[in-house]
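Understanding the architecture of this molecule
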Amino acid sequence: MTIDKKTVEHLAKLSRLRFSDNELVSFTKSLDDIFQYANSLQKVNTDGISPSAHAIPLQNVFKEDEVITYKDIDKLLDNCADVENHCFKVPRILTN
Amino acid sequence: MNDILKLTAIEISKKYQTKELSCSEVTKAFLDRISATNTELNSFVSISEKTALETAKIVDEKIAKSQRLALLEGVPIAIKDNMCTSGVATTCSSKMLANFVPSYDATVIEKIRNNNMPILGKTNMDEFAMGSSTETSFFGSTKNPWNTNTVPGGSSGGSAVAISALQAPLALGSDTGGSIRQPASFCGIVGMKPTYGVVSRYGLIAFASSLDQIGPFSKNIDDSAALLSVISGYDHKDSTSQPNIDTDFTKISSQKEIKIGLPKEFFANLDPKVKELYQDTISILSKEGIIFEETELPSLEQGISTYYIVAPAEASSNLARFDGVRYGYRNQEAKSLVDMMELSRSEGFGAEVKRRILIGTYVLSSGYYDAYYKKAQQVRTIMKNDFQKAFSKYDLLLSPTTPTPPFSFGEKSNPLEMYMNDIMTIPANLAGIPALSMPFGKSNNLPMGIHLMGNLLEDQKLFSIAKKIEQILGFNIQNPYWEK
């Protein structure tokens, strides 16, 4: 399996990233190198092996559905580039 | 140079109790050292002199009243800049978060503050902890005090340098694939990654959540165990943290017979210089009664492939939150929401971060999920099983920390070549086991670390055996920069 420019263009779209032509070429090359190498995984027999999402078995944690008021809302909003009436302001969502 | 700087954290603690030193004096000494050396080394991205001295004053009042100080209380510390500090910029060394000021403390920071440990500043790192040289930082690379043409390792390069250049007696780093242990090796100090879940990740800006773990940097093993005792413990804000663990790691246990396995899979990749030093070290330790045996863990050969699928997959998902809406860098010219998100992410992230997002997006996308992500998760299971088998026979597993000595700036421009540097350290993150790097020798006057891996939740045993090895090897951590 090789990674081509078209694949990287598609991945960029999925990840909400934009690249110049030069960047596309460079990322295509490095991703192709990396996956050529990672293909060695296909040699490993994994029949009947269950996948591990975590290193240590984890159990679901349940908590009471309590409301804890957050007091530093202004400090949170200070990190936003554009605020209006205590709301995060963004450019228009629907475009022509 | 001020002799205070050479003291270990435990030595500083003792001198507080005997009133030989005040906390303000010690804190000031390290702050002065930072201001004298940071222009050259670039290990700190921000310095918090005022709050550090305020904390020191509280400790000095306790000392004046002859009140008992807690373990490491009053010992200054440096913090990697991916742990949230309330009111202090936390940047992940990225343009994306260059102006981000958290409104809350990470759990580790809360513990450090509650223990009155003056926070000296935040340390430089590879952007979002993605890198092995601290070269991907938006704020420029950090220099290795052993030789300033050499990288300090990464991603926690700034924290490692802080210890090695005597800018701080203790530091915190985070380790996702070796980001504490590899820079510790390159800087000739001790760096430890605890068992997954021993330290809360709450407030640590996530890279790969199933692999990330916070851990200590120090001059020696005793300081490392003491700092882990301060920062560890269950946290209801991190449901992956371990409940019911003994958080006193300073109790050194001794055992009659120590049996250490040497994974064969790592031998093939060693630089000749590293190999020679490694074999010499094993023969020194054998003479002191430690039993060594070659062993096989076949899945270790798949460590890099597995990691560079699992970690980017988790990263691509974790970094999706950086969209310019609520916090982080925002492009101000965009005319639509989607434009704003795309331009903010494209301008806010550096190349290595983008590469990992692309890899992660690819392995999680339909058609490739089973072939890559699921396959890597299955190999992860096999690796965990290999380790469990090995630890039924051996107390620890040992290898060098890195396959090569520290390298120069720009030497590893090919990403895959850079990733290969983590071949020895990655498996411990995939299996969740504790591991540490401690200095064991030098090549061309550059330090190299030896890597010890222990069984799950046997962090204390790891420290105990490491301490014995430290005593036998007696490595001198002093580097040329100490004279500056």
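Our subject in this report is the structure included herewith. Only a predicted model underlies this, so the values are computations on that prediction, with no experimental measurement involved.

Considering the sheet that holds strand β5 (residues 190-193) of chain B
Residues and elements named next belong to chain B. Ordered in space as β1-β3-β2-β4-β6-β5-β10-β11-β9-β7-β8, the eleven strands form an open sheet in which the pairing is mixed. Each edge of the open sheet is held by one strand with a lone partner, namely β1 (44-47) and β8 (291-295). The average undirected angle you get between the axes of adjacent strands in this sheet is 30°. Taken together, the four bridges between strand β2 (residues 77-80) and strand β3 (residues 119-123) define a ladder with parallel strand orientation. Bridge pairing in β3 places Ile 79 opposite Lys 122. Sheet contacts for helix α15 (residues 459-473): β5, β7 (259-263), β9 (396-400), β10 (435-443) and β11 (446-454); angle to β10, the most-contacted strand, approximately 15°.

So, the side chain of Glu 314 of chain B
Note on placement: Glu 314 of chain B falls in helix α9 (residues 303-318). At 4.3 Å, Arg 380 of chain B is the nearest oppositely charged side chain to Glu 314 of chain B, a buried residue that forms no salt bridge.

Description of the packing of helix α4 (residues 107-114) of chain B against helix α7 (residues 221-231) of chain B
All names here are of chain B. Direction vectors running N to C along α4 and α7 enclose 105°, while the axes themselves pass 9 Å from each other. The pairing of α4 with α7 is recorded here as roughly perpendicular in orientation. In contact with Val 108, Lys 111 and Ile 112 of α4, α7 contributes Leu 227, Val 230 and Ile 231. Per-class residue counts for the contact of α4 with α7 are five nonpolar, no polar and one charged.

Some thoughts on the interface of chain B and chain A
The interface is formed by 70 residues belonging to chain B together with 54 residues belonging to chain A. Note on chain B versus chain A: buried area summed over both sides is about 5,500 Å², and carbon and sulfur give 64% of it. Of all residues in chain B, Ser 103, Leu 358 and Tyr 362 of chain B give up the largest surface area on contact with chain A, accounting jointly for 12% of the area buried on that side. Where chain B packs against chain A, one counts three salt bridges. In this structure, Glu 23 of chain A and Lys 354 of chain B form a salt bridge, with 3.9 Å as the shortest nitrogen-oxygen distance. Linking chain B with chain A are 28 residue pairs in polar contact (both at pLDDT 80 or more). Mapped by element, the contributors of at least two residues to the side of chain B that touches chain A are α9, α10 (337-348), α11 (351-364), α12 (369-393), α13 (415-419) and α14 (426-431) of chain B.

Topic: the pairing of strand β4 (residues 171-175) of chain B
With five of five residues buried, β4 of chain B is to be regarded as a mostly interior element. A two-sided burial pattern is seen for β4 of chain B, the buried positions comprising Ala 171, Gly 173 and Asp 175 of chain B on one face and Leu 172 and Ser 174 of chain B on the other.

Quick notes on the rules
- Residues numbered from 1 in each chain as written.
- Chains lettered and ligands numbered in written order.
- Predicted model: local features only at pLDDT ≥ 70, side-chain atom pairs only at ≥ 80, totals over all residues.
- Heavy atoms only, no water.
- Pairing = 2+ DSSP bridges.
- Helix = DSSP H or I, 4+ residues; strand = E, 2+ residues; numbered from the N terminus.
- Axes fitted to C-alpha atoms, helices over the stretch in contact; angles between N-to-C directions.
- Contact = heavy atoms within 4.5 Å.
- Buried < 20%, exposed > 50% of the residue type's maximum accessible area, 1.4 Å probe, protein only.
- Lys, Arg positive; Asp, Glu negative; His and termini not counted.
- Salt bridge = Lys/Arg side-chain N within 4 Å of Asp/Glu carboxyl O.
- Parallel < 35°, antiparallel > 145°, perpendicular 65-115°, else oblique.
- Nonpolar A, V, L, I, M, F, W, Y, C, P; charged D, E, K, R; others polar.
- Buried area = accessible area lost by both parts, 1.4 Å probe.
- Polar contact = N/O pair within 3.5 Å; in protein donor to acceptor, adjacent residues only side chain to side chain.

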